[in-house]
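Take a look at the letters that make up each chain.
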Amino acid sequence: RCHLAPGEKLKLGNSIDASLDLWSRGDVQTCTDWGAPVIWDGMFDPDHYDQEHRRNHSSVSLTVFAVGRYLDAYLEAFLLSAERHFMVALPVTYYVFTDVPERVPNIHLGPGRSLKVVRVQRHSRWQDISMMRMRAIADAIESQIRRYSRYIFCFDVDQVFVGRFGSEALGDSVALLHAYYYHRPQSLYTYDRNPRSRAYMETGDFYYHAAVFGGSWQNVKNMTETCYQTIMEDKENQVEALWHDESHLNKYLWLHKPSRVLSPEYCWSSDIGYRGDMHVTRLLWAKKKYDTLRIT
Ligand code: 2GW
Ligand code: MN
């Protein structure tokens, strides 16, 4: 276990982090058993992080899927808010994956920021739309992203940035604590419990949310390729994990520990009431429009 007094500094090996300070907080877990920081507001100096990443020429790609009706429902608000809050100090390339490229809104982008559209096919089952993101991300990393960006973040589209989501979130392999489970006992985590699925797990570290994950392009390529493989093995065995790609991602992250963990500030739900440990929100779940969007 990682025991730190409030205000004590976390020690990190990674070259960029070694020159940056992260201070522990007294009211939340700021470090995992394996020594990865858990990033909460108040632990870091945002400007210092941005300067150090600029000095290192860090660049970031963001992937987001907007297939079918999700494009009109969510994409514009997602992108406009990302322009205001996502990695504002660094070069960013958005990769929008869609089956309707002509409907991608024309957003005015800031300097150093660009957007590429990748055409994907539309799977008829929504579970497949969600799961097949893994394959499409891995392919895009291999064919394009690896040449332009050191880091990648992969997002659900049904969310909006409302505060800084900055370079403090960058790391070799980055996972997000699910807002509903971070304070709950492990017995309530919704891991896949079917031994016939490759996503099956009895115990784990945390319950991670698949709405946000990232890391170096090398690690995200391995993460998405491995999840795609285990998803396809399940298909051959005619099983589907409880929470689809999220179950497979949780299994992967149990076997390959993330080097950096994001607090639920980085993907919060307004349906959760007041919580004293949440000093800021950075990304919010958009309202679900199940009635109109999930008719299949
Ligand atoms: C998804 C569900 C039902 C009907 C449509 C879709 C759908 C999803 C779609 O029509 N078009 C589309 O582009 N998507 C993409 O898949 C979009 O980027 C969306 O954010 C993502 C995941 O679907 P979502 O956001 O409706 O699912 P959540 O918020 O319940 O997501 C969690 O669980 C999923 C697996 O069931 C994923 O792991 C996701 O990453 C989790 O946040
Ligand atoms: Mn979502």
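Here goes a summary of the coordinates provided. (Residues numbered from 1 in each chain as written. Chains lettered and ligands numbered in written order. Predicted model: local features only at pLDDT ≥ 70, side-chain atom pairs only at ≥ 80, totals over all residues. Heavy atoms only, no water.)

Check the secondary structure of the protein and you find eight helices and 10 strands. Based on the C-alpha atoms only, the size of the protein along its principal axes is roughly 50 × 50 × 35 Å. Buried residues in the protein amount to 54% of all 296 residues. Considering only residue pairs separated by 6 or more positions, the protein has 73% of its internal contacts joining residues 24 or more positions apart. When the accessible surface of the protein is totalled, it reaches about 13400 Å², and 49% of it is carbon and sulfur. For the protein, the centre of its 35 positive side-chain charges and the centre of its 36 negative side-chain charges are spaced 2 Å apart. (Helix = DSSP H or I, 4+ residues; strand = E, 2+ residues; numbered from the N terminus. Buried < 20%, exposed > 50% of the residue type's maximum accessible area, 1.4 Å probe, protein only. Contact = heavy atoms within 4.5 Å. Areas by Shrake-Rupley, 256 points an atom, 1.4 Å probe, with all protein chains shown as cover. Lys, Arg positive; Asp, Glu negative; His and termini not counted. Charge placed at Lys NZ, Arg CZ, Asp CG, Glu CD.)

What follows covers the state of the cysteines. Applying the stated criterion across every chain, the model contains zero disulfides. The thiol of Cys-154 is unpaired, and the distance to the nearest cysteine sulfur, on Cys-227, comes to 11 Å. Unpaired in this structure, Cys-267 has its nearest cysteine sulfur neighbour in Cys-154, at a distance of 13 Å. Taking the relative accessible area as the measure of exposure, Cys-267 reaches 0% and is therefore buried. (Disulfide = S-S within 2.5 Å.)

Take the nonpolar core next. Core analysis: the biggest nonpolar cluster contains 86 residues, and Phe-86, Met-87, Phe-153, Phe-155, Phe-165, Val-212 and Leu-262 have the highest contact counts within it. Grouped together as the second largest cluster of nonpolar side chains are five residues, Tyr-181, Tyr-189, Tyr-191 and Met-201 included. (Core = buried A, V, L, I, M, F, W, Y, C linked by side-chain atoms within 4.5 Å.)

Looking now at the site of ligand 1. Around ligand 1 sit 21 residues in total, of which Phe-65, Val-67, Tyr-70, Asp-156 and Lys-288 are the nearest. Interatomic distance of 3.0 Å between a backbone N/O atom of Val-157 and an oxygen atom of ligand 1. When ligand 1 sits alone it has 730 Å² of accessible area, and the protein chains cover 94% of it. A per-class count over the shell around ligand 1 returns 11 nonpolar, three polar and seven charged. (Near = heavy atom within 4 Å. Polar contact = N/O pair within 3.5 Å; in protein donor to acceptor, adjacent residues only side chain to side chain. Nonpolar A, V, L, I, M, F, W, Y, C, P; charged D, E, K, R; others polar.)

So, about the packing of aromatic side chains. Tallying each qualifying case throughout the model produces 25 aromatic pairs. In this structure, Arg-135 is placed above the aromatic ring of Tyr-228, and the distance from its NZ or CZ to the ring centre is 4.9 Å. Looking at Lys-257, its charged tip hangs above the ring of Trp-34, at a distance of 5.4 Å from the centre. (Phe/Tyr/Trp six-rings, centres within 6.5 Å; stacked < 30°, edge-to-face > 60°. Lys NZ or Arg CZ within 6 Å of the ring centre and 35° of its normal.)

Further remarks concern the sheet that holds strand E8 (residues 208–216). Judged by pairing direction, the sheet is mixed, and its eight strands sit side by side in the order E1-E9-E7-E8-E5-E2-E3-E4 without closing on themselves. Single-partner strands in this sheet number two, and they are strand E1 (38–39) and strand E4 (113–119). For strand E2 (residues 60–65) and strand E5 (residues 151–155), the ladder comprises five bridges, and the chain directions are parallel. In the strand pairing of E5, Leu-62 is matched with Phe-153. Packed on one face of the sheet, helix H3 (residues 70–85) meets E2, strand E3 (92–98), E4 and E5 and runs near 175 degrees to E3. Against the sheet, helix H6 (residues 217–236) contacts E5, strand E7 (173–177) and E8, and its axis sits at roughly 140 degrees relative to E8. (Pairing = 2+ DSSP bridges. Axes fitted to C-alpha atoms, helices over the stretch in contact; angles between N-to-C directions.)

Right, let's get into the pattern of salt bridges. Enumeration according to the criterion identifies 22 salt bridges in this entry. The closest approach of N and O atoms between Arg-125 and Glu-240, which form a salt bridge, is 3.0 Å. With Arg-125 in the loop between E4 and helix H4 (126–131) and Glu-240 in the loop between H6 and helix H7 (245–255), this residue pair connects regions lying 115 residues apart in the sequence. Accessibility expressed as a relative area gives 34% for Arg-125, which makes it partly exposed. (Salt bridge = Lys/Arg side-chain N within 4 Å of Asp/Glu carboxyl O.)

What follows concerns the packing of H6 against H7. The interhelical angle for the contact between H6 and H7, taken along N-to-C directions, is 120 degrees, at an axis separation of 9 Å. One finds that H6 runs oblique with respect to H7. The two elements H6 and H7 cross, and the hand of that crossing is right-handed. Residue-level inspection shows Asn-219, Asn-222, Met-223, Thr-226, Cys-227, Thr-230, Ile-231 and Asp-234 of H6 in contact with H7, the latter providing Asp-245, His-248, Leu-249 and Tyr-252. Counted by class, the contact of H6 with H7 contains five nonpolar, five polar and two charged residues. (Parallel < 35°, antiparallel > 145°, perpendicular 65-115°, else oblique. Left-handed = near helix turned anticlockwise from the far one by under 90°.)

Looking now at the pairing of E5. Within E5, five of the five residues are buried, which leaves the element mostly enclosed by the surrounding structure. Covered by surrounding structure in E5 are Tyr-151, Phe-153 and Phe-155 together with Ile-152 and Cys-154, the residues of both alternating faces. In the sheet, E5 pairs with E8 via five bridges, with the strands oriented antiparallel. The partner of Cys-154 across the bridge, within E8, is Phe-213.

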